[in-house]
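The chain contents come next:
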Amino acid sequence: MLNKCFEVVNQDYHNMGKVSSQIKKMLLQIGFDAKILRRIAVASYEAEINMVIHAYGGNIFMNVDDDGLITLVFHDLGPGIPDLEKAMTPGWSTADEKARNLGFGAGMGLVNIKRVSDTFDIKTSPAGTILTLTFKGY
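These numbers were taken from a predicted model, which means no experiment stands behind them. Throughout this description, residue numbers start from 1 for each chain and increase along the sequence as written. Totals for whole chains, interfaces and linings use all residues, but because this is a predicted model, local features are given only for residues with pLDDT of at least 70 and pairs of side-chain atoms are given and counted only at 80 or more. To obtain the side-chain values, all non-hydrogen atoms of the structure were included, while hydrogens and water were left out.

A. Broad picture of the packing of helix H1 (residues 18-30) against helix H2 (residues 34-54). As a packed pair, H1 and H2 sit with axes 8 Å apart at the nearest point and diverge in direction by 155 degrees. As judged from the angle between their axes, H1 and H2 are roughly antiparallel. In the packing of H1 onto H2, the handedness of the crossing is right-handed. Across the interface between the two elements, Lys18, Val19, Ser20, Ile23, Lys24, Leu27 and Leu28 of H1 pack against Leu37, Ile40, Ala41, Ser44, Tyr45 and Glu48 of H2. Along the lines of polarity and charge, the residues of the contact of H1 with H2 split into 8 nonpolar, 2 polar and 3 charged. Lines fitted to C-alpha atoms define the axes, with helix axes restricted to the stretch in contact, and inter-axis angles between N-to-C directions lie between 0 and 180 degrees. Every helix listed is a DSSP run of H or I at least four residues long, and every strand listed is a run of E at least two residues long, numbered separately from the N terminus. Oblique is the label for any angle not covered by the other classes, which are roughly parallel (under 35 degrees), roughly antiparallel (over 145) and roughly perpendicular (65 to 115). Helix crossings get a hand from a simple test, with the near helix turned counterclockwise from the far one by less than a right angle marking a left-handed crossing and a clockwise turn marking a right-handed one. Residues count as neighbours in contact if any of their non-hydrogen atoms are within 4.5 Å of one another. Only Asp, Glu, Lys and Arg are considered charged in this grouping, and only Ala, Val, Leu, Ile, Met, Phe, Trp, Tyr, Cys and Pro are considered nonpolar; every other residue, Gly among them, is considered polar.

B. Spatial organisation of the packing of H2 against helix H5 (residues 109-116). Two elements in contact, H2 and H5, have axes whose closest approach is 9 Å; the angle formed by their N-to-C orientations is 150 degrees. Comparing their axes, H5 and H2 come out roughly antiparallel. Pair H2 / H5 crosses with left-handed handedness. Here Arg39, Val42, Ala43, Glu46, Ala47 and Asn50 of H2 come into contact with H5, specifically with Gly109, Leu110, Asn112, Ile113 and Val116. Taken together, the residues of the contact of H2 with H5 sort by class into 6 nonpolar, 3 polar and 2 charged.

C. Region of interest: the environment of Leu110. As for its placement among the helices and strands, Leu110 is situated in helix H5. Along the chain, Leu110 and Ala87 lie 23 residues apart, while their C-alpha atoms are 7.2 Å from each other. When sequence neighbours within four positions are dropped, the list of residues in contact with Leu110 reads Asn50, Ile81, Ala87, Met88, Phe120 and Ile122.

Given below as structure tokens:
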């Protein structure tokens, strides 16, 4: 069993994606298959980017149980997603000018995360968003 918590800092574009890389490396060392690692890498990277661009930072929690079930929880500190239905629509984005100039904000993040995850649960309020994903590793 493995439990790990990672911090994500708001607007830290320089380190964006580092947590996702650490997650992938840790799971590779445990012995997870490349196919599952690709799916996890896509989901964790997209969610981490959303936390940097749209939220006030937060934490990513990773749990791997003895049966190989990988759970990732992305818990940001707000401001929440004003219209979750729109946010789940391909191409819809609230990314600011800075993010768009860096090549982000295509409006595919949540769509891609849901597509590659075995389970996808999202709860949002002005206090923050909690995105819980699972992947069957073995």
